[in-house]
Amino acid sequence: MVETDYYELLQVARTADPATIKAAYRKLAMECHPDRNGGCTDAEAKFKALSEAYDCLKDPQRRAAYDRFGHAAFRQGGMGGNGHAGAQDFGSFADIFDNIFGEFMGGSQPGRSRGNVLRGSDLRYDLEIMLEDAFHGREVELQVDTSAPCEPCEGSGAKSGTQARTCVSCGGRGQVRARQGFFVVEQTCPNCRGVGETIADPCPACRGEGRVEKRKALKVDIPAGVDEGTRIRLAGEGEAGVRGGPSGDLYIFLSIATHAFFQRDGADLHCRVPISMVQAALGGEFEVPTIEGAKTRVKVPEGTQSGRRFRLHGKGMPVLRSRQTGDMYVQVMVETPQKLTKRQRELLNEFEKLSSQETHPESAGFFGKMRELLGGRANSA
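What counts, and at which threshold
Each chain carries its own residue numbering, running from 1 in the written order of its sequence. Local features in a predicted model are, by the rule used here, given only for residues with pLDDT of at least 70; side-chain atom pairs are given and counted only at 80 or more, and totals for whole chains, interfaces and linings are based on all residues. The side-chain values count all of the structure's non-hydrogen atoms but skip hydrogen atoms and water molecules. Starting at the N terminus, helices and strands are each numbered in turn, a helix being any DSSP run of H or I of at least four residues and a strand any DSSP run of E of at least two. Classification of residues uses two cut-offs on accessible area relative to the type maximum, computed with a 1.4 Å probe and protein chains only: under 20% is buried, over 50% is exposed, and between them is partly exposed. A contact between two residues is defined here by any heavy atoms of the two lying within 4.5 Å. Throughout, the Shrake-Rupley method with a 1.4 Å probe supplies accessible areas, and for residues the shown protein chains are the sole cover considered. In the sections that follow, a salt bridge refers to a side-chain nitrogen of Lys or Arg positioned within 4 Å of a carboxyl oxygen of Asp or Glu. As a per-residue quantity, pLDDT reports the predictor's confidence and falls between 0 and 100. Geometry of aromatic contacts follows a simple scheme: Phe, Tyr and Trp rings, the Trp one being its six-membered ring, pair when their centres are within 6.5 Å, and the pair is stacked under 30 degrees between planes, edge-to-face over 60, tilted otherwise. Geometrically, a lysine NZ or arginine CZ counts as sitting over a ring once it is within 6 Å of the ring centre and also within 35 degrees of the ring normal. DSSP-based pairing: two strands are paired if at least 2 bridges between them are found. Helix axes are fitted to C-alpha atoms over the stretch in contact, other axes to C-alpha atoms as well, and angles between N-to-C directions run from 0 to 180 degrees. Here a helix's expected span is defined as the number of its residues, less one, multiplied by 1.5 Å. Should an angle fall under 35 degrees it is called roughly parallel, over 145 degrees roughly antiparallel, and 65 to 115 degrees roughly perpendicular, with every other angle called oblique. Crossings are assigned a handedness: left-handed for a near helix turned anticlockwise from the far helix by less than a right angle, right-handed for a clockwise turn. Throughout, the ten residues Ala, Val, Leu, Ile, Met, Phe, Trp, Tyr, Cys and Pro are labelled nonpolar, Asp, Glu, Lys and Arg are labelled charged, and all others, Gly among them, are labelled polar.

Break down the overall build of the chain for me, with residues and values.
Within the chain one finds nine helices and 15 strands. The buried share of the chain, taken over its 381 residues, is 35%. Sequence separation of at least 24 residues holds for 64% of the intrachain contacts in the chain that already meet a minimum separation of 6. Surface accessibility of the chain: about 23,800 Å² in total, with carbon and sulfur atoms responsible for 49%.

Structure follows, in structure tokens:
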């Protein structure tokens with residue numbers, strides 16, 4: 001008898017990952033389940049074969065044995081004689097639906113208590129820091145309003161000397177089921193609110209919640225190089241879980257305050273510095289502050305134009321979790337003199353008379369092209 005290859009049966013490649021195999025099985029099993037095919041014997045046989053293939057390939061050890069030896073790996077007691085486990089009893093359609101989709105619906109196995117497993121909510125804290133803090137890194141102390149485990153009942157929610165009882169409505173599962181045609185719908189148990197337990201005599205301090213509101217002081221290390229929108233996670237510092245459940249996390253979202261001198265672009269810093277017309281023409285140098293709190297000098301060559309940028313290597317921001325450092329860019333803006341004295345006007349007029357194309361090459365070139373353009377239009381007219 002020729003045995004169909006498991007991969008061909010599930011219509012997946014031999015290199016398929018577990019998620020792909022599961023999705024293929026889920027799709028095919030839904031199509032050929034006997035409950036949907038009026039008891040068709042062919043559909044029943046195919047469903048059994050699909051179940052057999054999936055039971056093998058979903059187990060890493062059995063899949064490895066099958067890949068090496070094929071069907072022979074499970075004959076004569078191979079792999080513990082479980083090569084065809086799950087192929088004999090396909091159960092009801094509702095059962096197979098629950099097995100396949102249960103994890104997406106928040107389902108749990110029957111008899112498994114859900115008491116004390118409701119995780120606390122995550123919290124968000126928006127923190128604004130200075131650009132210097134992002135450069136150096138620092139420790140910040142926060143005051144966070146959250147919930148903490150109740151001390152008198154130690155988070156159980158029950159009054160001292162008593163204990164919670166398994167919810168009779170859901171049997172401790174925290175959810176109740178209702179069948180609608182082929183589908184099984186699960187919803188939170190209204191009696192225990194999903195906890196799986198009920199408390200007859202609640203703790204007076206927390207009223208049965210197992211947690212109380214509290215302001216908590218926390219210290220946070222801000223690493224050097226953080227940027228706008230950086231998120232820092234403090235595990236277990238969120239809200240306490242219901243009745244002893246695990247705490248959520250606290251997420252700190254950083255924002256950088258506007259700086260008076262620098263603008264940040266990733267790891268690079270930018271700034272603008274005004275220089276005089278004379279300094280731009282004759283050249284010189286000036287001092288600028290750096291983000292690390294020092295000063296550095298920038299040399300301006302003769303004939304510098306407004307808007308020119310000078311790059312200072314390694315004077316920018318550190319890169320988070322790296323030894324790299326950005327650069328600092330200084331853009332000079334030539335300042336036009338204002339409120340001139342009579343003597344200053346005379347000197348500028350004298351300078352203008354002595355100017356030529358060599359002293360103003362860009363202006364001479366621009367107006368020369370403009371005259372050519374206007375002259376060409378006049379000739380064509």
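From this point, the discussion proceeds with the structure in view.
Explain the pattern of salt bridges to me, using residue names and the numbers behind them.
Evaluation of the coordinates by the stated rule reveals 20 salt bridges. For Lys-27, the salt bridge goes to Glu-31, with nearest N and O atoms at 3.0 Å. Residue Lys-27 and its partner Glu-31 are located together in helix α2 (residues 18-32), separated by four residues, close to a single helical turn. Its relative accessible area of 51% is what places Lys-27 among the exposed residues.

So what's going on with the confidence of the model for the chain? Which residues, and what values?
Across the chain, pLDDT averages 82, with 82% of residues at or above 70. Across the chain, the secondary-structure element scoring lowest on mean pLDDT is helix α5 (residues 93-101), at 45, and the one scoring highest is strand β14 (residues 309-312), at 96. Predicted confidence for residues 76-116 stays below pLDDT 50, and this span has 88 contacts to residues more than four positions away or in other chains.

Outline the packing of aromatic side chains, listing residues and values.
Enumeration over the complete set of coordinates arrives at four aromatic pairs. Ring geometry for Tyr-7 and Tyr-66: centres 6.2 Å apart, planes at 45 degrees, overall tilted. Residue Tyr-7 is found in helix α1 (residues 6-10), and its partner Tyr-66 is found in helix α4 (residues 60-69); the two are separated by 59 residues along the sequence. An identical accessibility class is assigned to Tyr-7 and Tyr-66; each is buried. A connected cluster of aromatic rings, assembled from ring pairs, spans Tyr-6, Tyr-7 and Tyr-66. Its guanidinium or amino end placed over the ring of Phe-253, Arg-124 lies 3.8 Å from that ring's centre, counting from NZ or CZ.

Would you mind going over the sheet that holds strand β11 (residues 268-276) in detail, with residue names and values included?
In space, the four strands of this open sheet follow the order β10-β11-β15-β14, with mixed pairing throughout. Across the chains shown, the open sheet's two edge strands, defined by having one partner strand only, are β10 (263-265) and β14. Strand-to-strand twist across the sheet, computed as the mean angle between neighbouring axes with direction ignored, equals 30 degrees. Direction of pairing for β11 relative to strand β15 (residues 328-335): parallel, over a ladder of eight bridges. Across the sheet, residue Ser-276 finds its bridge partner in β15, namely Glu-335.

Describe the side chain of Thr-290, listing the residues and the values that go with them.
The topology assignment puts Thr-290 in the loop between β12 (284-289) and β13 (295-300). Accessibility expressed as a relative area gives 7% for Thr-290, which makes it buried. Contacts of Thr-290, omitting those with residues within four sequence positions, involve Phe-262, Lys-295, Thr-296, Lys-315 and Met-328.

How would you sum up α2? Please name residues and give values.
The periodicity of an α-helix, 3.6 residues per turn, causes residues three or four places apart in sequence to face the same way. Taking 1.5 Å per residue as the helical rise, α2 with its 15 residues ought to reach 21 Å, and the 21 Å between its terminal C-alpha atoms agrees with that figure. Every buried residue of α2 is listed here: Ile-21, Ala-24, Tyr-25, Leu-28, Ala-29, Met-30 and Cys-32.

Describe the packing of α2 against helix α3 (residues 41-57), naming the residues involved and giving the relevant values.
Close contact between α2 and α3 brings their axes to 9 Å; oriented N to C, the two are set at 165 degrees. Between α2 and α3, the crossing angle belongs to the class labelled roughly antiparallel. Where α2 crosses over α3, the two elements pack in a sense that is left-handed. For the pair α2 and α3, the contacting residues are Ile-21, Lys-22, Tyr-25, Leu-28, Ala-29 and Cys-32 in the first and Ala-43, Lys-46, Phe-47, Leu-50, Ser-51, Tyr-54 and Leu-57 in the second. Partitioned by chemical class, the residues of the contact of α2 with α3 number ten nonpolar, one polar and two charged.

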